[in-house]
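# Analysis of the macromolecular model
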Amino acid sequence: MPADVPATAPSTPLMMLSERLGKMCLAQGVAVTAAESCTGGGVAAAITDISGSSAYFETGYVTYSNAAKTRLLGVPEATLEQHGAVSQAVVEAMVQGACQDSGAELGVAISGVAGPSGGTPDKPVGLVWFAWSAHGRVSTESCCFPGGRGEVREQAVRHALLGLIQALEAGA
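As the structure is a computational prediction, the values presented were derived from the model and not from experiment.

## With respect to the sheet that holds strand β3 (residues 106–112)
As summarised here, the arrangement of the 5 strands in space is β2-β1-β3-β4-β5, forming an open sheet in which the pairing is mixed. The open sheet terminates on both sides in strands that have one partner only, identified here as β2 (57–62) and β5 (137–144). Taking each pair of neighbouring strands and ignoring which way they run, the sheet shows an average axis angle of 15 degrees. Direction of pairing for strand β1 (residues 32–36) relative to β2: parallel, over a ladder of 4 bridges.

## A look at the state of the cysteines
The tally for this structure, following the rule as stated, stands at 0 disulfides. Of all cysteine sulfurs in the structure, the one in C25 sits closest to C99, which takes part in no disulfide; the separation is 11 Å.

## Things to note about the packing of aromatic side chains
Under the definition given, this model contains 2 aromatic pairs. Here F130 and W132 contribute two aromatic rings whose centre-to-centre distance is 5.5 Å and whose plane-to-plane angle is 5 degrees, an arrangement assigned as stacked. Measuring from ring centre to ring centre gives 6.2 Å for F130 and F145, while their planes differ by 85 degrees; the resulting arrangement is edge-to-face. Of this pair, F130 sits in strand β4 (residues 127–134) while F145 is found in the loop between β5 and α6 (149–169), placing the two residues 15 residues apart along the sequence. Of the two residues, F130 and F145, neither departs from the other in class, the shared state being buried. One aromatic cluster is present, formed by F130, W132 and F145 through successive ring pairs.

Cut-offs used in this document
Residues numbered from 1 in each chain as written. Predicted model: local features only at pLDDT ≥ 70, side-chain atom pairs only at ≥ 80, totals over all residues. Heavy atoms only, no water. Pairing = 2+ DSSP bridges. Helix = DSSP H or I, 4+ residues; strand = E, 2+ residues; numbered from the N terminus. Axes fitted to C-alpha atoms, helices over the stretch in contact; angles between N-to-C directions. Disulfide = S-S within 2.5 Å. Phe/Tyr/Trp six-rings, centres within 6.5 Å; stacked < 30°, edge-to-face > 60°. Buried < 20%, exposed > 50% of the residue type's maximum accessible area, 1.4 Å probe, protein only.

Functional significance is not addressed by these values, which are geometric in nature.
Below, the structure written as structure tokens:
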């Protein structure tokens, strides 16, 4: 994600981000999809909280298990075995699979360790990987968010929406 994220971005209410994203999708004539793991559908919920979102949001994927990531999004089992679900390689495959299956030009994928358990020294609680795809161009980023499970998930949803907005602002 570009470094020019406004300093006030973390405090921006999800509804405002979702409204902005929706207006941009409509203006640019693009559809958006979300492939989520640790956020459990939070991005899709935030997007569809906006009236009229059916004009640009058709499908979301909550692929919590590795089997679902493979079955629904086409993430290769070998990629999951080699890198683990919380990895750059997996979120890249997730977003590509979601965009291909849904036909969306814009997408985000999220996989992380929301906690309070499940963390390891290499993948601590709060680590979340993101992948955004805009017209086939994929970018990735990882963040380690502070707080408990709910706080990690909320920060991840906000970050995902900001990344989608930035992808559209970049003219992707």
